[in-house]
Amino acid sequence: MNVDDLYRMVKDLISYDNFLSQIEMRKKIFNNLLNDDAIAYIIVDELGRNPGNFTKISNLIDGVNVSLKVKVEKIQNAEEFTSKKNKNYKFKKLIVSDDSGSIDLILWNDEIDLYSWIKENDNIIIRNCYVKQGKDGLHISLGKWGIITKV
């Protein structure tokens with residue numbers, strides 16, 4: 001992958017000019033031992049969008065951020081609830097799987113509309129999702145830096 005391909009993976013997190021200036025700054029730090037593409041890959045990795053680092057569902061543990069390649073097995077209807085602090089929330093559960101197991105992906109509030117294009121049987125990549133232990137076992141959610149793309 002080249003610099004432009006890698007930038008597309010993080011364009012929602014950093015401006016193109018800032019991305020290029022980070023590359024130039026790091027070239028000096030690395031004494032020009034790494035080329036622009038390698039440095040861009042490091043930046044993308046630091047931002048949690050490493051294109052080559054995927055975890056299997058069976059290897060997930062509570063409290064980590066991971067990227068997964070999965071298939072959408074089932075999509076449940078959105079539900080709403082009110083918290084103890086009287087705040088209204090909406091969530092939608094998607095059951096996703098890989099060849100090692102399945103897990104619930106929870107979309108919250110605006111994410112439900114943002115990812116309304118996802119359909120059952122779609123193959124998707126979930127980048128930088130957060131793994132959390134809930135009362136029904138482990139589940140994943142996007143959090144601040146997560147993103148979903150279709151394969």
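Scope of this entry: the structure provided in the associated data block. (Residues numbered from 1 in each chain as written. Predicted model: local features only at pLDDT ≥ 70, side-chain atom pairs only at ≥ 80, totals over all residues. Heavy atoms only, no water.)

Let's shift gears to the nonpolar core. Counting 21 residues, the largest nonpolar core has Leu 60, Leu 105, Leu 107, Ile 126, Ile 140 and Ile 148 as the members making the most contacts within it. Secondary structure elements with two or more residues in this core: strand 1 (65-75), strand 3 (88-98), strand 4 (101-108) and strand 5 (123-134). Membership of the second largest hydrophobic core comes to 12 residues, among which are Met 9, Ile 14, Ala 40 and Val 44. (Core = buried A, V, L, I, M, F, W, Y, C linked by side-chain atoms within 4.5 Å. Buried < 20%, exposed > 50% of the residue type's maximum accessible area, 1.4 Å probe, protein only. Helix = DSSP H or I, 4+ residues; strand = E, 2+ residues; numbered from the N terminus.)

The next subject is the layout of surface pockets. Here the largest pocket defines a volume of roughly 420 Å³. For the largest pocket, the lining is made up of 16 residues, of which Phe 91, Ile 106, Trp 108, Asp 136 and His 139 are closest to its centre. With 4 residues, the top contributor of residues to the lining of the largest pocket is strand 6 (residues 137-141). Looking at the lining of the largest pocket residue by residue, the class counts come to 5 nonpolar, 5 polar and 6 charged. (1 Å grid on protein atoms, 1.4 Å probe; cavity = no way out; pocket = protein on both sides within 12 Å on 5 of 7 lines; lining within 4 Å. Points joined across faces, edges and corners; volume = space filled by probe spheres on them. Nonpolar A, V, L, I, M, F, W, Y, C, P; charged D, E, K, R; others polar.)

It is worth spelling out the pairing of strand 6 at this point. Where strand 4 meets strand 6, 3 bridges bridge the pair, whose relative direction is parallel. By the bridge assignment for strand 6, Leu 105 is matched with Ile 140. Sheet topology note: the strand 5/strand 6 ladder contains 5 bridges and is antiparallel. By the bridge assignment, Gln 133 is partnered in strand 6 with Leu 138. (Pairing = 2+ DSSP bridges.)

The next thing to look at is empty space enclosed by the protein. Within the structure shown, the criterion is met by 1 cavity of 30 Å³ or more. Around the largest cavity, the lining residues are Ile 75, Lys 92, Leu 94, Leu 107, Ile 112, Tyr 115, Ser 116 and Ile 118. Among the residues making up the lining of the largest cavity, the classes are represented as 6 nonpolar, 1 polar and 1 charged.

On inspection of all chains with the given rule, the structure shows 7 aromatic pairs. When the centroid spacing of 5.5 Å and the interplanar angle of 25 degrees are considered together, the rings of Phe 81 and Tyr 89 count as stacked. Judged by its relative accessible area of 25%, Tyr 89 falls in the partly exposed class. Ring centres 6.2 Å apart and planes at 75 degrees place the aromatic pair Phe 81 and Trp 108 in the edge-to-face group. Remark: Trp 108 occurs in strand 4 and Phe 81 occurs in strand 2 (residues 79-82); sequence separation between them is 27 residues. The exposure class of Phe 81 is partly exposed, given its relative accessible area of 33%. Here the aromatic cluster, defined as three or more aromatic residues joined through ring pairs, consists of Phe 81, Tyr 89, Phe 91 and Trp 108. (Phe/Tyr/Trp six-rings, centres within 6.5 Å; stacked < 30°, edge-to-face > 60°.)

All right, on to unusual backbone geometry then. Here the phi dihedral of Asn 109 falls at roughly 45 degrees; this positive angle occurs in a residue that is not glycine. The topology assignment puts Asn 109 in the loop between strand 4 and helix 4 (110-114). The phi angle at Asn 121 is positive, at roughly 75 degrees, despite the residue not being glycine. Note on placement: Asn 121 falls in the loop between helix 4 and strand 5.

With that out of the way, let us pick up the side chain of Ser 97. Structurally, Ser 97 is set in strand 3. Residue Ser 97 is classed as buried on the basis of its relative accessible area of 12%. If sequence neighbours within four positions are ignored, Ser 97 has contacts with Ile 57, Val 70, Lys 71, Glu 73 and Ser 102. (Contact = heavy atoms within 4.5 Å.)

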